[in-house]
Amino acid sequence: MPVDTRTRKKKQLSPLRRVAGGVAVIVGFLLLLWLLWNNPRYSLWILVGLSAIFFFSFSFYAIVAAFSPDRKPVAPAKWPTVTILMPSYNSAATIRQAVAAAQAMTYQGEKELIVIDDSSTDGSDKIAEQMGARVLRRKGDRGKAKALNHGIQQAKGEIIVALDSDTFAPTDALEKAIPYFGLDAKIGAVTLFITVANAKNMLERIQQLEYYIAFGFTAKTMGKVNGLIVTPGPMSAYRKSALEQVGGFDEKNMTEDMEIGLRLHEYGWKIECCTETLVPTVVPDTLSKLYRQRVRWYRGTIDNIREYFHMFLNSNYHDIGLFSYPMTAIYVATTMLVWTVIWFNVLATLADAAAFVQAFLKVGLTPTLHLEPLALVNTTALLVGASIAVWLVFLLRSISIAKVKLGPRHVLPALLIIMFYPTLNSFFYFASLYKEATKSEFSW
Amino acid sequence: MVTKKFYIGALLLAVAAMAVLLGAARLYDDYKYASIERSVRDFTMESDETRLLMAYGEAFGKDDKQAYCEALEANRARQANRGYTLVSKLRELEKANLLADYAQVRRQYYLNNFELWLQQSAARNDCQMQTNSTLALFFVDTLTTCNDCIAQGELLNQIRSTCPNLALITLASDLRISPIDLAKKKFGVTHSPAIVINNVQTIFEPNTREELAKALGCA
């Protein structure tokens, strides 16, 4: 398989430049805080600007969803052979269920399952072997992209399905997704509707709602205009010839599923979206695991934005260049901005409150707030309220696509995802930017 | 393939949504502004009334000085009742505002207060108003959050509620209004909060209720 060397070259920063990068990120953040501190009303105008971008984005989704017809694939006369590649590293807790689900997938064509074990030490390779899966063992230099590329070289299928070892494919996944390749010979990949397998605690339920939106309404809508830039890591299907043409997965990239999506577009391939079946995957169950996952994702996103900056507002890349890529880049930038604004407001409010209490105590008064009823509802509340209403429409549309029912136990996660999650995600983005600026090490 | 009409449609929809939202924000900001403007206008009318009373006093006051002074005292009591409440309302509404311009109404309010102070001072001289009454001129910062000013204002308000002979007038020390700057210079007001009592004594440090009540003759 030829290697696309352009994407393999990564800059190695000197220690001095790494420190300078970190300092630049911190100084930039402090400068913004200083600016807001001296001009508190700027935060309101920032919010207005962000709302305008958000409403443009939502409007685009709404118009595409309403006026771009659904493309219905038909079952192929001859089903292509499929190779399911399951990279695995120390996944003893989930691999049994993942392999069983992969084996249980019904398919009218020929399919093979290859587990690529990436030097596991927990016996997960043996579990897969006992279950009858073909296991390829890699030693030494680990990495999901490397494991997948290794698997592609051994694969017989015309279609490669990348399936995580903590993802439990539904029985009809192949039969629903593979026909999409028949819509157009230039379709290089088909994404699936990823959902959460372990929605037990609050954090998992929050992610469940997040996944519904990300892989439901938004993915389906972007699929209509060939605007998908991520082929979700838990499960996606690729045309093998497309992967071979673009040189396989980028082994130096932290989010190989996004990078391969962008590279497929760069080579003129299209990405379709199949939302007719739900693919449950295991998501982080603690904040520290979520932090680790998101920092990897967001570092990869920042890296890919830099790598593919030539796509920004470039009509040669159609809706990817004009909408999906710019919106992703803007989203990353604005998320960090929102985080700064939020924390500025939190810090300013706390500092104000402390000074207020101190001033009252100094004169022997009990601190008392005289709330001005007219001031309670302000422009911020109006803009945030409208954005939340739009977000709820996204969620409801996604729920309807997923054909699931949400109950009372999802009310609190929905509130938290609105009130708390953006702050958390913004923090993750900021941490990712810092780590990316200092080029700190990462591992799979 | 790029479908231009999707982008144009999205742009139009986004512009419409923002126009509706900002229009609603503008309406609400204007509504809030109108409420404070109304209060300031009422205040202006009261000042006008006092000004006319004083003009009347100049012309005919000596004929029936007692009636003139009683009318002036009634006006004083009504205006002094406003104390600090309008200041805090103005501050809170301005903080929650995006599109209305409060500079004019803020300036108008403090100019009115300045005029009120002049009227009160003149009335004290003309009518030798009750010797037990106190005129307190309270200087605050309005462009930045001054918690000491807020706390001191709250305390003055509380004292005012139990001490009807206290006339409390608030002036913004940071708006560069020339007559207010002159008064600041006259009374040596260098920072806020500062209280000038009966146009004689200036106190700066935030005071406790007992200290302040004693200084204001409200103990």
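Please refer to the structure higher up on the page.
Residues numbered from 1 in each chain as written. Chains lettered and ligands numbered in written order. Predicted model: local features only at pLDDT ≥ 70, side-chain atom pairs only at ≥ 80, totals over all residues. Heavy atoms only, no water.

## Observations concerning the overall build of chain B
Threshold: Each helix corresponds to a stretch of at least 4 residues labelled H or I by DSSP, and each strand to a stretch of at least 2 residues labelled E; elements are numbered beginning at the N terminus. In this description the radius of gyration comes from C-alpha coordinates, and the expected globular size is given by 2.2 Å times residues to the power 0.38. For every residue, the accessible area obtained with a 1.4 Å probe (protein chains only) is divided by the maximum for its type, and the residue is called buried under 20%, exposed over 50%, and partly exposed between those limits. When checking whether two residues touch, look at their non-hydrogen atoms; a contact exists if any pair is within 4.5 Å. We score Asp and Glu as negative and Lys and Arg as positive, and we do not count His or the chain ends. Where a charge lies is defined by one atom per residue type, namely NZ (Lys), CZ (Arg), CG (Asp) and CD (Glu).
Looking only at helices and strands, one finds seven helices and four strands in chain B. Each helix and strand of chain B, placed in order from N terminus to C terminus, yields the pattern α-α-α-α-β-α-β-α-β-β-α. Radius of gyration (C-alpha) of chain B: 22 Å, far over the 17 Å computed for a compact globule of 219 residues. The principal-axis extent of the C-alpha atoms belonging to chain B is close to 90 × 40 × 30 Å. When burial is assessed residue by residue, chain B has 50% of its 219 residues classed as buried. For chain B, restricting intrachain contacts to residue pairs at least 6 apart in sequence, the fraction spanning at least 24 positions comes to 77%. Counting 25 positive and 25 negative side-chain charges, chain B places the centres of these two groups 6 Å from one another.

## Observations concerning the overall build of chain A
Using the following cut-off: Residue burial considers only the protein chains on display, and all accessible areas are found by Shrake-Rupley using a 1.4 Å probe.
When helices and strands are tallied, chain A shows 17 helices and seven strands. For chain A, the C-alpha radius of gyration of 24 Å lies close to 22 Å, the compact-globule estimate for 444 residues. Principal axes of the C-alpha set define a box for chain A whose edges measure 80 × 50 × 45 Å. Out of the 444 residues belonging to chain A, those deemed buried represent 54%. Partitioning the intrachain contacts of chain A with sequence separation of at least 6 by distance along the chain shows that 80% fall at a separation of at least 24. Roughly 19,600 Å² of accessible area belongs to chain A as shown, and the carbon and sulfur atoms make up 63% of that amount. Across chain A, the centroid of the 46 positively charged side chains sits 2 Å from that of the 35 negatively charged ones.

## Here we look at the state of the cysteines
Residues and elements named next belong to chain B. Put simply, the test is: Sulfur atoms of two cysteines make up a disulfide when they are within 2.5 Å.
Scanning all chains against the criterion turns up two disulfides over all chains. What pairs with Cys-146 in a disulfide is Cys-149, and their sulfur atoms sit 2.0 Å apart. As the torsion about the S-S bond is roughly 75°, the Cys-146-Cys-149 disulfide counts as right-handed. Of the two residues, Cys-146 and Cys-149, both sit in the buried class. Here Cys-163 connects covalently by a disulfide to Cys-218, the sulfurs 2.0 Å from one another. An S-S torsion of about -70° defines the bridge between Cys-163 and Cys-218 as left-handed. Placement of Cys-163 in the loop between α5 (147–162) and β2 (166–172) and of Cys-218 in the segment after α7 (209–215) is noted, with a sequence separation of 55 residues between them. The class of Cys-218 is buried, set by a relative accessible area of 17%.

## Quick notes on the nonpolar core
It is characteristic of soluble globular proteins that their nonpolar side chains tend to be buried jointly. Convention followed: As used in this record, nonpolar core signifies buried Ala, Val, Leu, Ile, Met, Phe, Trp, Tyr and Cys residues forming a set joined through side-chain atoms within 4.5 Å.
With 134 residues, the main nonpolar core has Met-86, Ile-178 and Met-235 of chain A as its most contacted residues. Top contributing element to this core by residue count: helix α3 (residues 41–67) of chain A, with eleven residues. The contact partners of Met-235 of chain A, leaving out residues within four places of it in the chain, are Met-105, Val-161, Ala-162, Leu-163, Ala-169, Ala-173, Leu-192, Ile-194 and Val-279 of chain A. Formed by 34 residues, the second largest nonpolar core is a distinct cluster that contains Phe-43, Leu-86, Leu-90 and Tyr-109 of chain B.

## Quick notes on the interface of chain B and chain A
Frequently, the measure chosen for interface size is the accessible area that the parts lose on association. The criterion, for reference: Once two parts are brought into contact, the accessible area they lose, counted with a 1.4 Å probe and summed over both, makes up the buried area. Within this document, salt bridges are pairs made up of a side-chain nitrogen of Lys or Arg and a carboxyl oxygen of Asp or Glu, the two lying within 4 Å of each other. Counting of polar contacts relies on pairs of N or O atoms within 3.5 Å, with two restrictions inside protein: one atom must be capable of donating a hydrogen and the other of accepting it, and residues adjacent in sequence are counted only when both atoms are side-chain atoms. Amino acid classes used here: Ala, Val, Leu, Ile, Met, Phe, Trp, Tyr, Cys and Pro are nonpolar; Asp, Glu, Lys and Arg are charged; the rest, including Gly, are polar.
Contacts between chain B and chain A engage 42 residues on the former and 38 residues on the latter. Summing both sides of the interface, chain B and chain A together bury roughly 3,500 Å²; the carbon and sulfur share of this comes to 72%. Of all residues in chain B, Phe-6, Tyr-7 and Leu-98 of chain B bury the most surface against chain A, accounting for 20% of the area lost on that side. Our count for the chain B to chain A interface comes out at one salt bridge. Its salt-bridge partner being Asp-148 of chain B, residue Lys-362 of chain A comes within 3.3 Å of it at the nearest N-O pair. Our enumeration of links across chain B and chain A arrives at three residue pairs in polar contact (both at pLDDT 80 or more). Where the side of chain B that touches chain A is concerned, the elements lending two or more residues are α1 (4–61), α3 (85–95) and α5 of chain B. Considering every element that reaches the side of chain B that touches chain A, the biggest residue donor is α1 of chain B, with 18 residues. Residues of the side of chain B that touches chain A, tallied by class, amount to 24 nonpolar, ten polar and eight charged.

## Details of the pairing of strand β1 (residues 134–140) of chain B
Residues and elements named next belong to chain B. Here is the rule: Here, a strand pair is defined by DSSP locating no fewer than two bridges between the strands. We call a crossover right-handed when, viewed with both strands directed away from the observer, the connection leading from the first strand over the helix to the second proceeds clockwise.
For β1, the buried fraction is high: seven of the seven residues fall into the buried class. Of the two faces of β1, the one holding Thr-134, Ala-136, Phe-138 and Val-140 and the one holding Leu-135, Leu-137 and Phe-139 are both buried throughout. Where β1 lies against β2, seven bridges are found, and the strand directions are parallel. When the bridges of β2 are listed, Ala-136 appears paired with Leu-168. The handedness of the β1 to β2 crossover, carried by α5, is right-handed. In the sheet, β1 pairs with strand β3 (residues 194–197) via four bridges, with the strands oriented antiparallel. Paired with Ala-136 across the bridge in β3 is Ile-197.

## Structural notes on the packing of helix α8 (residues 202–215) of chain A against helix α15 (residues 379–402) of chain A
All names here are of chain A. Formally: Helix axes are fitted only over the stretch in contact, all axes being lines through C-alpha atoms; the angle between N-to-C directions runs from 0 to 180 degrees. Any angle that is under 35 degrees is reported as roughly parallel, and any over 145 degrees as roughly antiparallel; angles of 65 to 115 degrees are reported as roughly perpendicular and all others as oblique.
Direction vectors running N to C along α8 and α15 enclose 80°, while the axes themselves pass 8 Å from each other. Relative to α15, the element α8 lies roughly perpendicular. Between α8 and α15, the residues in contact are Leu-209, Tyr-212 and Ile-213 and Trp-391, Phe-394, Leu-395, Ser-398, Ile-399 and Ala-402, respectively. Broken down by class, the residue content of the contact of α8 with α15 amounts to eight nonpolar, one polar and no charged.

## Description of the sheet that holds strand β1 (residues 82–88) of chain A
Residue and element names in this part refer to chain A. Here we have seven strands laid out as an open sheet, ordered β3-β2-β1-β4-β6-β5-β7, and mixed in their pairing. The sheet is open, and its two borders are formed by β3 (134–138) and β7 (270–281), each paired with just one other strand. The sheet shows a mean angle of 20° between the axes of neighbouring strands, taken without regard to direction. With seven bridges connecting them, β1 and strand β2 (residues 111–118) associate as parallel partners. Bridging across to β2, Met-86 finds its partner in Val-115. On top of the sheet, helix α4 (residues 95–104) reaches β1, β2 and β4 (159–163); it is set at about 160° to β2, its chief contact.

## Observations regarding helix α6 (residues 178–187) of chain B
Residue and element names in this part refer to chain B. Test applied: Our arc is simply the arc of the directions from the helix axis toward the C-beta atoms.
Along α6, the residues classified as buried are Ile-180, Ala-183, Lys-184 and Phe-187. Buried residues of α6, seen end-on, are gathered within an arc of 105° and therefore sit on one face of the element. Turned more than 90 degrees off the buried face of α6, the exposed positions are Ser-178, Leu-182, Lys-185 and Lys-186. Elements in contact with the buried residues of α6: α4 (103–127), β1, β2, β3 and β4 (201–203). Once α6 finishes, Gly-188 follows within two positions and takes phi at roughly 65°, a positive value.

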